Amino acid sequence: RDPQVDVADRGRRLDAPLTVGPGFAVETPTKKHSGYYESQAVWNVAGKATRVKYGKLDDAGGFEGRIQWGGLEDQYFAGLVIPLAESAELRWSTIELGSGVRAETADNAEEDDEEPESKPVVALSVPVEGAQLYFGPKRYTLLVELGHQLDRVVWFSSFDWLRPIVEYLFLGLVWLHDHVTRDWGAAIVLATVLLRLVLFPVNQYSMVSMTKT
């Protein structure tokens, strides 16, 4: 389906803000979120993805410009809004949410465990040209096929010069899995062996230098 959103003021078409949040994960009392990091704001401007943890996010802020996409992410999934215009507006804020967990005491009486937790909310304007959405796993090859620089939501390195190296190493690992082993464990072992062979001259030179020293 092709959903349509129209916001007008006395007949004049206005950009509609589309909000993603609060948070980006489902937690229950018996199953907590697992991963290196939880919900955080993320956006792409000029091909560079910026990530801000909810604890370091200002209570409210934003900017306007050529925004490729913006939204929320965690370690494995992302929810992104892709404005189809030269300029869009991005805003963020944090809201307080209770844990919603009820614990039973020794007297079988329920008591609330309502410690408030800050969660990020990101809003992007939907221009007249419209917008596209991506809510799903951060599967690199799929994101490359979809375009709009969505693959930038996959974190490889905080250093711009190191990202291409890690990216090509990852693509090599994926190729070994898809065309050679069909097993991630075997692909990692094989990739490690190949890297050791390629770097053997460098390691050998380093060992000889250390021995002489």
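Structure shown above.
Residues numbered from 1 in each chain as written. Predicted model: local features only at pLDDT ≥ 70, side-chain atom pairs only at ≥ 80, totals over all residues. Heavy atoms only, no water.

Enquirer: Explain the overall build of the protein here, please?
Expert: Helix and strand counts for the protein come out as four helices and 13 strands. The proportion of buried residues among the 213 residues of the protein is 30%. Sequence separation of 24 or more characterises 60% of the internal contacts of the protein that already satisfy a separation of 6 or more. Total accessible area on the protein stands at roughly 14500 Å², and carbon and sulfur atoms take up 56% of it. (Helix = DSSP H or I, 4+ residues; strand = E, 2+ residues; numbered from the N terminus. Buried < 20%, exposed > 50% of the residue type's maximum accessible area, 1.4 Å probe, protein only. Contact = heavy atoms within 4.5 Å. Areas by Shrake-Rupley, 256 points an atom, 1.4 Å probe, with all protein chains shown as cover.)

Enquirer: Which parts of the structure should I look at to understand helix α4 (residues 200–212)?
Expert: Each α-helix turn comprises 3.6 residues. Residues three or four places apart therefore point the same way. Helix length check: α4, at 13 residues, gives a terminal C-alpha distance of 18 Å against a target of 18 Å (1.5 Å per residue), a fit within 8%. Little of α4 sits inside the fold, with zero of its 13 residues counted as buried. (Expected span 1.5 Å × (residues − 1).)

Enquirer: Sorry, what's going on with the pattern of salt bridges here?
Expert: Following the criterion strictly, the structure yields five salt bridges and no others. Residue R91 is joined to E89 by a salt bridge in which the shortest nitrogen-to-oxygen separation is 2.7 Å. Accessibility expressed as a relative area gives 41% for R91, which makes it partly exposed. Under the relative-accessibility criterion, E89 is labelled partly exposed at 29%. Here R163 and E167 are joined by a salt bridge, their closest N and O atoms 3.7 Å apart. One end of the pair, R163, and the other, E167, are both in helix α2 (residues 163–181), four residues apart, so they sit about a helical turn from each other. Among the residues examined, E167 registers a relative accessible area of 16% and is labelled buried. Within the structure, one salt-bridge network assembled from shared partners comprises R51, E73 and K138. (Salt bridge = Lys/Arg side-chain N within 4 Å of Asp/Glu carboxyl O.)

Enquirer: Even after reading the chapter, I still don't get the packing of helix α3 (residues 184–198) against α4, so can you show me in this structure?
Expert: The description of two packed helices rests on the angle between their axes and on the distance between the axes. Close contact between α3 and α4 brings their axes to 4 Å; oriented N to C, the two are set at 55°. For the element pair α3 / α4, the angle class is oblique. Only F200, P201 and N203 of α4 make contact with α3, whose side of the interface consists of R196, L197 and V198. Class assignment of the residues belonging to the contact of α3 with α4 gives a composition of four nonpolar, one polar and one charged. (Axes fitted to C-alpha atoms, helices over the stretch in contact; angles between N-to-C directions. Parallel < 35°, antiparallel > 145°, perpendicular 65-115°, else oblique. Nonpolar A, V, L, I, M, F, W, Y, C, P; charged D, E, K, R; others polar.)

Enquirer: Got a minute to help me understand the pairing of strand β8 (residues 77–83) in this structure?
Expert: Most of β8 sits out of view: six of its seven residues are buried. Sheet topology note: the strand β7 (residues 67–73)/β8 ladder contains four bridges and is antiparallel. When the bridges of β8 are listed, L72 appears paired with G79. As judged from the seven bridges shared by β8 and strand β13 (residues 131–137), these two strands associate in the antiparallel manner. (Pairing = 2+ DSSP bridges.)

Enquirer: Explain the sheet that holds strand β4 (residues 40–45) here, please?
Expert: Adjacent strands of a sheet form backbone hydrogen bonds with each other and so pair up, either parallel or antiparallel. Pairing within the open sheet is antiparallel, and its five strands lie in the order β5-β4-β7-β8-β13. Single-partner strands in this sheet number two, and they are β5 (48–53) and β13. Across the sheet, the axes of successive neighbouring strands diverge by a mean angle of 15°, strand direction being ignored.

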